[in-house]
Amino acid sequence: MSTIDSEEVREIAKGEIELYSAWFGRSLNGDTLSSVVSVAQTSGASTLTVGSGAINTSGAVTVDGKSRDQSTVVQYTLAVPSDATAGEYEVTVTADTSAGRRRKLRCQLRVV
């Protein structure tokens, strides 16, 4: 199983809490997301607080100005401590699909 990178690098300021929407569309090949396996910080100088994540099963959501289909996005909360070190961070989201495949998406963040 390979890991794909998110399409953007999201900036988040020290001390902020944000709802992050991780779109898996490019890796789904017609499948949909069926369950979130894990959401975990995988790199960065400080420890971020990362929520468990939920699939957008209620309908389409907007991610970076684009409407994304139902069950193609995992949304999770991300909290950056006020004393975090500025720089690059990664959060990896792992989810299973309706076809029984496991997919990983590496969400790239920049703490400013």
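Described below are features of the structure shown in this document. Everything numeric in this text was worked out from a predicted model, so none of it was measured.

Pairing is mixed across the open sheet formed by 4 strands, whose spatial order is 1-10-9-3. The outermost strands of the open sheet, each flanked by one partner alone, are strand 1 (3-12) and strand 3 (33-43). Each adjacent strand pair in this sheet contributes to an overall mean axis angle of 25°, direction not counted. As judged from the 8 bridges shared by strand 3 and strand 9 (residues 87-97), these two strands associate in the antiparallel manner. Directly across from Q41, in strand 9, lies its bridge partner V91.

Scanning the entire structure with this criterion turns up 1 aromatic pair. Measuring from ring centre to ring centre gives 5.2 Å for Y20 and Y76, while their planes differ by 20°; the resulting arrangement is stacked. Of this pair, Y20 sits in strand 2 (residues 17-23) while Y76 sits in strand 8 (residues 73-79), and the two are 56 residues apart along the sequence. R10 extends its terminal NZ or CZ atom over the ring of Y20, reaching a point 4.1 Å from the ring centre. Across from the ring centre of W23, 3.6 Å away, lies the NZ or CZ of R68, which sits over that ring.

A word on the nonpolar core. Counting residues in hydrophobic clusters, the biggest one holds 22 residues, and the most contacted among them are A22, F24, Y76, V93 and C107. Counting residues per element, the ones that place at least two in this core are strand 2, strand 3, strand 8, strand 9 and strand 10 (102-111). Leaving out residues up to four positions away in the same chain, F24 has contacts with L33, T72, V74, V93, A95, R103, K104 and L105.

With that settled, consider empty space enclosed by the protein. Across all of its chains, the model carries 1 cavity of 30 Å³ or more by this definition. By volume, the largest cavity amounts to about 90 Å³. Along the wall of the largest cavity there are 13 residues; nearest its centre are S6, E7, E8, W23 and L105. Looking at the lining of the largest cavity, the elements that each hand over two or more residues are strand 1 and strand 2. Across the lining of the largest cavity, the residue classes break down as 5 nonpolar, 2 polar and 6 charged.

Another aspect to go through is the pattern of salt bridges. Tallied over the full model, the rule gives 7 salt bridges. Between E18 and R10 there is a salt bridge, with its nearest N and O atoms 3.2 Å apart. R10 gets classed as buried once you look at its relative accessible area, which sits at 13%. Here R102 and D96 are joined by a salt bridge, their closest N and O atoms 2.7 Å apart. With a relative accessible area of 38%, R102 lands in the partly exposed category. Take D96: its relative accessible area is 18%, and that puts it in the buried class. Several salt bridges share partner residues, and in doing so they unite E8, R10, E18 and D64 into one network.

Each value, and the rule that gives it
- Residues numbered from 1 in each chain as written.
- Predicted model: local features only at pLDDT ≥ 70, side-chain atom pairs only at ≥ 80, totals over all residues.
- Heavy atoms only, no water.
- Pairing = 2+ DSSP bridges.
- Helix = DSSP H or I, 4+ residues; strand = E, 2+ residues; numbered from the N terminus.
- Axes fitted to C-alpha atoms, helices over the stretch in contact; angles between N-to-C directions.
- Phe/Tyr/Trp six-rings, centres within 6.5 Å; stacked < 30°, edge-to-face > 60°.
- Lys NZ or Arg CZ within 6 Å of the ring centre and 35° of its normal.
- Core = buried A, V, L, I, M, F, W, Y, C linked by side-chain atoms within 4.5 Å.
- Buried < 20%, exposed > 50% of the residue type's maximum accessible area, 1.4 Å probe, protein only.
- Contact = heavy atoms within 4.5 Å.
- 1 Å grid on protein atoms, 1.4 Å probe; cavity = no way out; pocket = protein on both sides within 12 Å on 5 of 7 lines; lining within 4 Å.
- Points joined across faces, edges and corners; volume = space filled by probe spheres on them.
- Nonpolar A, V, L, I, M, F, W, Y, C, P; charged D, E, K, R; others polar.
- Salt bridge = Lys/Arg side-chain N within 4 Å of Asp/Glu carboxyl O.

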